[in-house]
Structure formats: C-alpha cells, structure tokens
Amino acid sequence: MGFKSVRVPGSSANLGPGFDTLALAVPLFLTAKAYQADSFEVELHGEGSSETVVGNHLIHQLVIEVLGHDRVGLIIDSEIPLARGLGSSAAVTLGVAAALGHPDPLGVALDFESHPENVAASYYGGGVAALVASSGPVIRRIAVDPLLRLVVIIPPDRLTTEAARRLLPKTVSFGDAVFNLSRAALLAVSLGHVEDLVPELFEDQLHQEARAAAFPESRQLLAMLLEAGCLGASWSGAGTICVGFTDVDGVERVHQRVEEAMDSSGLGYGVRSLAVDLEGLITLGEK
Ligand SMILES: Nc1ncnc2c1ncn2[C@@H]1O[C@H](COP(=O)(O)OP(=O)(O)OP(=O)(O)O)[C@@H](O)[C@H]1O
Ligand SMILES: N[C@@H](CCO)C(=O)O
C-alpha cells in the first residue's frame, strides 16, 4: 500500500425524510496526507485542530485497522465543522483510509460509520441513496439538478451523531413510517429537477423533532429558512446545522434574508451558501 495525499468533500445527510439513506456531497473539503514515520504522528489543521488524537480516537483506531500498526504520520486539514451535521467523521475516515493507501477506502469507511450515506456521498460526490444490507452495501448515485443550491445555518453548538442517535425513538408508528417513505421516494426522484422541489418533500417525522430536545433552536431555524423562500428545509445529518434548499437564481436573495433573520433574532449564527460537490474523493498525489 503506497501512501497518498487525498481530498474529500463533506456531506449533508438525511435531507429531511431520507434518514440514514439520502445525502449530498458539499464543497467543504478535508485533505489528508500520510507519510513514513517511526511512531504515530498527527498534525491537525483547520476545523479538527482542537482534537487530541490518542488511543481510542477514531483516527488512531482506523490507522491500526488499516496498517496493523501505528508507525505513520498524518497531516489532516479540514474545512468541515466537527459534530455539526456536515459529515466530518465520514470525510476523515475516508480520507485517512485513502491516504494510508487502502485499496477500498469506501469499504473501510462504511465499516467504521454506523450509517452509509455520508460516506457514500463523500466518496462519489453528488447525490446518493445508500443502505447496508446483510449481503453488503447497496449504493446508487441519484441525479441532482446542477442548479440546486444549499443555504446552511451553522450554529456553534456541537451535537455528536452518537448523542443525537441516543435521542431517537425506539419504535415509530406505521403512519410516521409511511409519511417519511413517501417523501423520501418523491424527494429522490425530484432532486434532479429543482422546479419539482416543494417544502413537503423535505418533511420528516422520524428524527428531527426527537432531536430538537437537544437543539430546540432548530425549530426556529427551519421556519426561518422556509420564510426566506427556500424550496424546503431540514436538519443536516444529525445537526446542529440546518439546511435550506434553493436554486441558483434564488440563492443570493435567500442567503441575504436568512442573514437578516439571524441578525434580528440575536442568534448570530453563521450562514453559508453551497453548491453540490461533484468530484467526491480525489487523489492529489501518490508516493
Ligand atoms: N478533521 C478531524 N480531525 C479529527 N477528528 C475528526 C475530524 N473530523 C471528525 N472527527 C471526529 O469525528 C467526530 C464527529 O463525528 P460525528 O459523526 O459526531 O459528527 P459529524 O460527522 O461532523 O456530523 P454528521 O455525522 O451529523 O454529519 C469528532 O468528534 C471527531 O472525533
Ligand atoms: N443519518 C445519520 C447522519 C449523521 O450525519 C443520522 O442522522 O444519525
């Protein structure tokens, strides 16, 4: 296995009703580079720089899993906010597995994450639908209109996926399951045409309200995004970021309205507009 330098995009999962299934890659990037070293060394830059990578950290476990030892150096630089719903763990897992030269970084990352859609979107780019069956993963790329744009509200509050999953109900009603099924199926076939997107397609009754117990401001953020003229709004992954969907013609107007709403609410959270990343994981250099 030769060491590499790679770039991986972040991702926004669920998109409302598509829990653990639908995701879009977003152009916030993580780069990872591996090099020969006598003992484990990690340099973290950007969004991950406050992390301490010791024995039980995801990155160290991954290195041991891939190499069988930890005599390696890593340089990781990320624009993806941690534990905020833009797939930082999927991106770092994929990026490190690929930088270490593993021939199947997708398979490694799918084994490490408890759900497949962030990993699939970061690997392929664009839109994906993904599941892990008892026979293995089934991943399909879905058409995404090149005019689609995302306006994300970025709270400073972290909510790890692990903590957000502990808030999920143990059972759901038949009605709620059908509510999400219908919307997820219609959303998957409508993402290819922005003119087909309507707010109802991004509605969810399985996870968002349960998770709002940990981040009640999410209700206000989703309402704000819809009032600003978005074609739909949802939590991004396990939060706390909320995402509004719009098109290239509306994105500037929506962005400005969301910023104004942020200022007048006093919440002061960051707002960013993003296109969909189409490249997925790319190799920048090889040794
Ligand atoms: N760049 C990074 N450097 C070091 N550790 C990272 C980095 N990115 C992610 N991690 C690890 O992944 C954890 C965050 O993963 P988690 O699944 O909770 O959130 P997320 O992937 O950002 O959000 P979501 O899964 O909702 O999209 C961090 O607490 C950290 O342990
Ligand atoms: N589908 C996962 C996404 C986490 O990014 C969840 O909502 O827990």
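Residues numbered from 1 in each chain as written. Chains lettered and ligands numbered in written order. Predicted model: local features only at pLDDT ≥ 70, side-chain atom pairs only at ≥ 80, totals over all residues. Heavy atoms only, no water.

**Comments concerning the domain arrangement of the chain**
Operational definition: Where a domain begins and ends is set by an automatic assignment or by a domain database. We call two residues contacting when some pair of their heavy atoms lies within 4.5 Å. Defined in terms of a 1.4 Å probe, buried area is the accessible area two parts forfeit on being brought together, summed over both. Whenever Lys or Arg places a side-chain nitrogen within 4 Å of a carboxyl oxygen from Asp or Glu, that contact is recorded as a salt bridge. What qualifies as a polar contact is a pair of N or O atoms within 3.5 Å, subject to a donor-acceptor requirement within protein and to the restriction that residues adjacent in sequence count only when both atoms come from side chains. Put simply, DSSP H or I for four residues or longer makes a helix, DSSP E for two residues or longer makes a strand, and each gets a number counted from the N terminus.
As assigned here, the chain comprises domain 1 (4–142 + 277–286) and domain 2 (148–274). Across the boundary between the two partners, domain 1 contributes 25 residues, which contact 37 residues of domain 2. Summing both partners gives a buried area of about 2,200 Å² for domain 1 against domain 2, and 64% of it is carried by carbon and sulfur. Among the residues of domain 1 in contact with domain 2, Pro17, Phe19 and Arg84 are the three that bury the most area, contributing 29% of the side total. Here Glu51 ties to Arg158 by a salt bridge, and the two come within 3.9 Å at their closest N and O atoms. Where domain 1 meets domain 2, there are 13 residue pairs in polar contact (both at pLDDT 80 or more). Counting only elements with at least two residues in the side of domain 1 that touches domain 2, the list comes to β1 (4–13) and β2 (22–36). Looking at the side of domain 1 that touches domain 2, the element that brings in the most residues is β2, giving five residues.

**Concerning the packing of helix α8 (residues 217–227) against helix α9 (residues 251–265)**
Keep this limit in mind: What counts as an axis is a line fitted to C-alpha atoms, over the stretch in contact for a helix, and the angles between N-to-C directions run from 0 to 180 degrees. By definition in this entry, angles of less than 35 degrees are roughly parallel, angles greater than 145 are roughly antiparallel, angles of 65 to 115 are roughly perpendicular, and the rest are oblique. Left-handed describes a crossing whose near helix is turned anticlockwise from the far helix through less than a right angle; right-handed describes the clockwise counterpart. Residues are grouped as follows: Ala, Val, Leu, Ile, Met, Phe, Trp, Tyr, Cys and Pro are nonpolar; Asp, Glu, Lys and Arg are charged; all remaining types, including Gly, are polar.
Orientation of α8 relative to α9, taken along the N-to-C sense of each, is 140°, at an axis distance of 9 Å. Relative to α9, the element α8 lies oblique. Handedness of the α8/α9 crossing: right-handed. Contacts between α8 and α9 pair Gln220, Leu221, Met224, Leu225 and Glu227 from the former with Arg257, Val258, Ala261, Met262 and Ser265 from the latter. A breakdown of the residues in the contact of α8 with α9 according to their chemical character gives six nonpolar, two polar and two charged.

**Concerning the pattern of salt bridges**
Defined as follows: Only protein chains enter the accessibility calculation, which uses a 1.4 Å probe. A residue is then buried if its area is under 20% of the maximum for its type, exposed if over 50%, and partly exposed in between.
Overall, the coordinates contain six salt bridges when judged by the stated rule. As a salt-bridge pair, Arg166 and Glu162 come within 4.0 Å of each other at their nearest N and O atoms. In this pair, Arg166 and Glu162 both sit in helix α5 (residues 161–166), four residues apart, roughly one turn of the helix. Judged by relative accessible area, Arg166 falls into the exposed class, the value being 61%.

**Here's the deal with helix α1 (residues 58–67)**
Put simply, the rule reads: Along the arc lie the directions from the helix axis toward the C-beta atoms.
Along α1, the residues that are buried comprise Ile59, His60, Leu62, Val63, Val66 and Leu67. Viewed along the axis of α1, the buried residues span an arc of 160°, placing them on a single side of the element. Count one or two residues on from α1 and you reach Gly68, which has phi positive near 80°.

**With respect to the UniProt feature "domain: GHMP kinase C-terminal" (unreviewed entry) in the chain**
For clarity, the cut-off: UniProt positions are given in the numbering used here, feature names are shortened, and annotations may be inferred rather than shown by experiment.
If you check UniProt for "domain: GHMP kinase C-terminal" (unreviewed entry), the listed places come out as residues 194–262 in our numbering. Measuring from the first to the last C-alpha atom of residues 194–262 gives 26 Å, for a span that is 39% helix and 14% strand.

**A word on the side chain of Ser190**
Assignment of secondary structure puts Ser190 in helix α6 (residues 174–190). From its side chain, Ser190 meets the backbone oxygen of Leu186 in a polar contact 2.6 Å long. Not counting residues up to four positions away in its chain, the partners in contact with Ser190 are Asp196, Leu197 and Leu201.

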